[in-house]
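Architecture at a glance
Chain residues, written in single-letter form:
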Amino acid sequence: MINDVFKADIKYMQVMDESGNIDGELFPKELTDNMLIEIYRQMNFARSVDAKVLSLQRQGRAATYAPLLGQEATQIGSAYAMRKDDFFVPNFRQHGVYLARKFPLDLFFLYWRGFEEGNAIPVGFNGTPVTVPVSTQLPHAAGLAYSYKYKGLSSTVVTYVGDGGTSEGDFAESLNFSGVFKLPLIFIIENNQWAISESRKKQTAAGTLAQKAIAAGIDSIQVDGNDAIAVYKATKDAIEKSASGPMVIECITYRMTMHTTSDDPSKYRDQSEVDAWKRRDPIIRLSLYLRSKGLWNDDNESEMHNAHAKQIDDAVAKAETFKPNPKSIFENVFEFTPNILKDEEQEGISNNFWQ
Amino acid sequence: MQANMVLALNNAIELCMNENNSMVLLGEDIGIDGGVFRVTDGLLQKFGEKRVIDTPLAESSIIGTSIGMALGGLHPVPEIQFAGFSYLAFSQAVTHAARYRSRTRSKMYLPMIIRMPVGGGVKTLELHSESPEAMYSNAQGLIVVEPSTPYDAKGLFIKASRMKDPVVFLEPTKLYRLFKQEVPDDMYEVEIGKARTANEGDDFSIITYGTMVNVVQSVIEKRKLSADVIDLRTINPLDEDTIIESAKKTGKVLIVQEAPLSFGVGAEVAARIAEKAMYELDAPILRLGAPSLPYPFPGYENYYVPNEKKISAYIDRLLSM
């Protein structure tokens, strides 16, 4: 005989379509007009900050930068669903999550200027710094979730990974670990279709990235990642049931610009593809919805942009007053400073090697 | 109590877990099995599954998860079953454990002890006999210790458990059960970053650590030589002062390591002596280690691991210069 021993399916959720039409049955009842306006503002703020760092980088005033353009709904929608005591573990492109969770803007600019002093994460912010090696942040998220469970706290950990990151061993190991120990952990896959020059198809033969959760015994869902309401709902639902175990949310979105400031996407993808995704812009559709309900108009739009511009300029100005002090790199390797390091620091200071 | 290194470590871990409710152990076979060398034997029964965690077989996530636990306020003690398997977790150790404090300018730091058996001489399979101390020390940001006695193993572990930075705790497999010594029942610390003068003498200095300490001591005793024997105990940060002081005192230095010679700890020690004590030496610094090749299968182990005969010959060469 031969029997089915296991069956699974993956659902796809969209609440708001590209024209701003809402699926009333799925629309989260607790999401008030003011909350939607706040999500819209945060998405715009993230886009404006993103554009600013890009411009600073082109002027030589910022280091290499990985823009988020196009991924605002995935980042703000999920961040907005998180509670204050929840913890987030990013990779290197979650600027929107940092900003929505009120990371000090001057520190944000300082970090991207090339100073880790910008990683002086305030107590209570509940997030880790940028993680550069792809997917290596995921086991940290699992360990954090274990520590919360160990202490009997109800916090949930939300971590982010790209489509390319799902090919890494740490992705599989973390899913597996969090499944075994039923950790309060949500993996948000920001499937932006491109890992630098490698398209989504080059990463896996699997039809969805969400289904990678199945082998680890974890629930998963795929959502329209350019629909802030769907991302919010999926994250909120996952947080609410996270005490019983982890969840994977694959957000289908698009990296509308370069991987980093060192990248030229015209080498590997057609502009027609980018243009097609522009019609699915996450900010436009929320704007259409808010305007159709009479919640937003041109005056609101220009007031918002003016306020954001001032906030951004003030923060950049503050970040640019920072003066580096090499003590900070020598004296923060260990809790103590070994003699050998003291000697090396002193050598630099007394000989003026750094002038 | 009379204890070998396994018992001394088991006792140290138990005392530390009693002292610190945030300490958790995780690794492969560390629970019901007590670890393949039995270092964690009985601790599951004493502390329960929440604190003594048999993990899935995934080295990278054993270290990576420990990093997250440390960020979450726990004091994890991950065990990698053999150092040769730690290469799967090397990325987590180097890219995160070594860098978190620096990356956040001490706003976040990682109290954790990464335990792993190292070294050979016990006829194991491939990749069960590695000596990766130089690799971990080269990461810059990891404290690396390697005890050579049960007393130091317990004291170093207790000290490590009270530190706020990651300590790579290398346990020489060969020494786990090689000999017993008197070890205090209570908690005591052995300073990290401080070498031990295992023997004092005048004619020359031997700087060594781990499995080689006892082999060197044996040669010195049998030949009734007058030599300083410095047991580094901590590889990183190196106790430069003790090394330089001994080199200046005797004027002749031999460095002995089990690890392959090229790019090893001995090279670092030799360079520092050359920079700071050259004019007080009356012979070139000699280094002795395993040949610069991958650790061989057990059939060729005796051709590889430095032994008393080789050490004795190097001493003769040093004294004839």
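Residues numbered from 1 in each chain as written. Chains lettered and ligands numbered in written order. Predicted model: local features only at pLDDT ≥ 70, side-chain atom pairs only at ≥ 80, totals over all residues. Heavy atoms only, no water.

**Some thoughts on the pattern of salt bridges**
Close approach of charged atoms lets side chains of opposite charge pair. The line we're drawing: A carboxyl oxygen of Asp or Glu within 4 Å of a side-chain nitrogen of Lys or Arg is what we treat as a salt bridge. Comment: elements are numbered from the N terminus, with helices defined as DSSP H or I runs of at least four residues and strands as E runs of at least two. The rule is simple: take the accessible area with a 1.4 Å probe, protein chains only, and divide by the maximum for that residue type; under 20% is buried, over 50% is exposed, in between is partly exposed.
Summed over all chains, the structure comprises 45 salt bridges over all chains. A salt bridge links K310(A) to D314(A), with the shortest nitrogen-to-oxygen separation between them at 2.8 Å. Of the two residues, K310(A) and D314(A) are both situated in helix 11 (residues 298-319); the distance of 4 residues between them amounts to about one turn of the helix. Put simply, E19(B) and R162(B) hold a salt bridge, and the shortest N to O gap is 2.8 Å. With E19(B) in helix 1 (residues 5-19) and R162(B) in the loop between helix 7 (150-161) and strand 7 (166-172), the pair connects residues that are 143 residues apart, well separated along the chain. Among the residues examined, R162(B) registers a relative accessible area of 36% and is labelled partly exposed. Taken together, the salt bridges that share partners define one network made up of D343(A), E240(B), E268(B), R272(B) and K276(B).

**Here's the deal with the sheet that holds strand 14 (residues 286-290) of chain B**
All names here are of chain B. Cut-off, in case you're wondering: Should DSSP find at least two bridges between two strands, the strands are regarded as paired. Lines fitted to C-alpha atoms define the axes, with helix axes restricted to the stretch in contact, and inter-axis angles between N-to-C directions lie between 0 and 180 degrees. Any pair of residues with heavy atoms lying within 4.5 Å of one another is described as a contacting pair.
Pairing within the open sheet is mixed, and its 5 strands lie in the order 9-11-10-13-14. At either end of the open sheet lies a strand with only one pairing partner, and these are strand 9 (196-199) and strand 14. Averaged over all pairs of adjacent strands, the angle between strand axes in this sheet comes to 25°, irrespective of strand direction. Along the sheet, helix 8 (residues 212-223) makes contact with strand 9, strand 10 (204-208), strand 11 (227-231) and strand 13 (253-260), crossing strand 10 at roughly 155°. Packed onto the sheet, helix 10 (residues 265-277) meets strand 10, strand 13 and strand 14 and runs at close to 160° relative to strand 13.

**Concerning unusual backbone geometry**
In this model, N236(B) is joined to P237(B) through a cis peptide bond whose omega is 0°. Counting through the fold element by element, P237(B) comes out in the loop between strand 12 (234-236) and helix 9 (240-250). The backbone phi angle of N126(A) is positive, close to 60°, even though this residue is not glycine. Position of N126(A) among the secondary structure elements: in the loop between helix 4 (105-113) and helix 5 (137-151).

**Remarks on the pairing of strand 13 of chain B**
All names here are of chain B. Test applied: Note on handedness: a clockwise path from strand one over the helix to strand two, with the strands aimed away from the viewer, defines a right-handed crossover.
Counting buried positions along strand 13 gives 7 out of 8 residues, so the element sits mostly inside the fold. Pairing geometry for strand 10 and strand 13, over 4 bridges, is parallel. By the bridge assignment for strand 13, I206 is matched with L254. Here 4 bridges tie strand 13 to strand 14, and the two strands are oriented parallel to one another. Residue pairing in the sheet places I255 in a bridge with R287 of strand 14. A crossover connection joins strand 13 to the parallel strand 14 through helix 10; in handedness this β-α-β unit is right-handed.

**Some thoughts on the sheet that holds strand 7 (residues 219-224) of chain A**
By way of backbone hydrogen bonds, the strands of a sheet pair with one another, either parallel or antiparallel. Residues and elements named next belong to chain A. Spatially, 6 strands are ordered 1-7-8-4-3-2 in an open sheet, and the strand pairing comes out parallel. Whereas interior strands pair on both sides, the edge strands pair on one side only; in this sheet they are strand 1 (12-13) and strand 2 (87-89). On the sheet, helix 2 (residues 72-81) packs against strand 3 (157-162), strand 4 (185-191) and strand 8 (247-252) and is oriented at approximately 165° with respect to strand 4.

**Side note on the side chain of E171(B)**
With respect to the helices and strands, E171(B) occurs in strand 7. The contact partners of E171(B), leaving out residues within four places of it in the chain, are L9(B), V39(B), R115(B), M116(B), P117(B), V118(B) and Y176(B).

**Brief notes about the packing of aromatic side chains**
Put simply, the rule reads: We call Phe, Tyr and Trp rings a pair once their centres come within 6.5 Å, taking the six-membered ring for Trp, and we label the pair stacked below 30 degrees between planes, edge-to-face above 60, and tilted otherwise. In this analysis the charged atom, NZ for Lys or CZ for Arg, is taken to sit over a ring once it is within 6 Å of the ring centre and within 35 degrees of the ring normal.
Counted according to the given criterion, the structure contains 29 aromatic pairs over all chains. Seen from their ring centres, Y80(A) and Y232(A) are 6.3 Å apart, and the 45° between their planes marks the pair as tilted. Here the residue Y80(A) occupies a position in helix 2, and Y232(A) occupies one in helix 8 (residues 228-240), the gap between them amounting to 152 residues. Owing to a relative accessible area of 27%, Y80(A) belongs among the partly exposed residues under this scheme. Residue class for Y232(A) comes out buried when judged on its relative accessible area of 2%. Aromatic pair F108(A) and F109(A): ring centres 6.0 Å apart, planes at 80°, arrangement edge-to-face. When its relative accessible area of 4% is taken as the criterion, F109(A) is described as buried. Taken together, the ring pairs connect F88(A), Y98(A), F103(A), F125(A) and Y160(A) into an aromatic cluster. The ring centre of Y100(B) lies 5.1 Å from the NZ or CZ of R103(B), which sits over that ring.

**So, the interface of chain B and chain A**
Selection rule: Computed with a 1.4 Å rolling probe, the buried area is the accessible surface lost when two parts are put together, summed over both parts. Any N or O atom pair separated by 3.5 Å or less is treated as a polar contact, with the protein-specific requirement of one donor-capable and one acceptor-capable atom, and with residues adjacent in sequence counted only for side-chain atom pairs. Nonpolar residues are Ala, Val, Leu, Ile, Met, Phe, Trp, Tyr, Cys and Pro. Charged residues are Asp, Glu, Lys and Arg, and all others, Gly as well, are polar.
Between chain B and chain A, the residue contacts involve 50 residues of the former and 39 residues of the latter. With both chains or domains summed, chain B and chain A bury close to 3600 Å², and 61% of this area falls on carbon and sulfur atoms. At the junction of chain B and chain A, the tally comes to 4 salt bridges. Two residues, E117(A) and R105(B), come together in a salt bridge whose shortest N-O distance is 3.6 Å. Counting across the chain B and chain A interface gives 18 residue pairs in polar contact (both at pLDDT 80 or more). Of all the secondary structure elements, the ones that give two or more residues to the side of chain B that touches chain A are strand 2 (23-27), strand 3 (52-54), helix 3 (59-71), helix 4 (90-97), helix 5 (100-103), helix 9 and helix 10 of chain B. Here the side of chain B that touches chain A gets 9 residues from one element, more than from any other, and that element is helix 3 of chain B. Looking at the side of chain B that touches chain A residue by residue, the classes come out as 16 nonpolar, 19 polar and 15 charged.

Structural measurements only, silent on function.
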